[in-house]
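# Residue-level structure breakdown
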Amino acid sequence: MNNPQAFKRNIGRLVLDMLIFLVVLLSLDRRLTGKSLHEWIPLAGAAAILLHLLLSWEWIAAVTRKFLTRGSLKQKLNYVLNWLLLIDWVLVMTSGIMVSRVALPVLGAHPTATPSWHWLHAQTANLLLFILALHLALNWAWVVNVVRRHILQPLGFLRLKRKARVTIPEEV
């Protein structure tokens, strides 16, 4: 670990990303958590998503500036996918707020839950899982690299491969 700042930044982002992924997975099926947690967990997870955006802001700004002129196809695909993920997340959260029967009434709001809002919530939640899976697949090399470099290697589970030295015996 040559750079302690990179270590903290990468581990922090990995933990944050894992937290967001866990929030999405836990929120997908209210039978898993119950109605109350199904509504409260995503509201709490929104803070993690906003933090993720703030931590990624330099990347977002840099890619936005050069989107049409430079950058790899993977980077551009990741950029578009991230925007789709954000838009879909906003739709899931908005429709989830509109169909809320626990969290918002506790806060004094009583939204009108129409069948259209329920349909939108279900469809955008399913789409969110699909987009999140694509996002994870596209960034899998980064995840593996951070886990190897900052977790497995320091714990001794992974040794750096060193070039084998070939020694030629001297003639006697």
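Residues numbered from 1 in each chain as written. Predicted model: local features only at pLDDT ≥ 70, side-chain atom pairs only at ≥ 80, totals over all residues. Heavy atoms only, no water.

## Digging into the side chain of Asp 88
Positionally, Asp 88 belongs in helix 5 (residues 73–98). Despite its burial, Asp 88 remains without a salt bridge, the nearest opposite charge being carried by Arg 30 at 16 Å. There is a polar contact of 2.8 Å between the side chain of Asp 88 and the backbone nitrogen of Leu 128. Setting aside chain neighbours within four positions, we find Asp 88 in contact with Thr 124, Leu 127, Leu 128 and Ile 131. (Helix = DSSP H or I, 4+ residues; strand = E, 2+ residues; numbered from the N terminus. Buried < 20%, exposed > 50% of the residue type's maximum accessible area, 1.4 Å probe, protein only. Lys, Arg positive; Asp, Glu negative; His and termini not counted. Salt bridge = Lys/Arg side-chain N within 4 Å of Asp/Glu carboxyl O. Polar contact = N/O pair within 3.5 Å; in protein donor to acceptor, adjacent residues only side chain to side chain. Contact = heavy atoms within 4.5 Å.)

## Some points on the environment of Ala 44
You can see Ala 44 is positioned in helix 3 (residues 35–55). The class for Ala 44 is exposed, based on a relative accessible area of 55%.

## Focus: the layout of surface pockets
Of the pockets and cavities examined, the largest pocket occupies roughly 1100 Å³. Along the walls of the largest pocket sit 34 residues, with Asp 17, His 52, Asn 82, His 135 and Asn 139 positioned nearest its centre. When contributions to the lining of the largest pocket are tallied by element, the ones reaching two or more residues are helix 1 (4–27), helix 3, helix 4 (57–66), helix 5, helix 7 (115–138) and helix 8 (140–155). Broken down by element, the lining of the largest pocket gets its largest block of residues, 9 residues, from helix 5. Approximately 600 Å³ is the volume attributed to the second largest pocket. Contributing to the lining of the second largest pocket are 31 residues, with Ser 27, His 38, Pro 42, Val 92 and His 121 lying nearest its centre. (1 Å grid on protein atoms, 1.4 Å probe; cavity = no way out; pocket = protein on both sides within 12 Å on 5 of 7 lines; lining within 4 Å. Points joined across faces, edges and corners; volume = space filled by probe spheres on them.)

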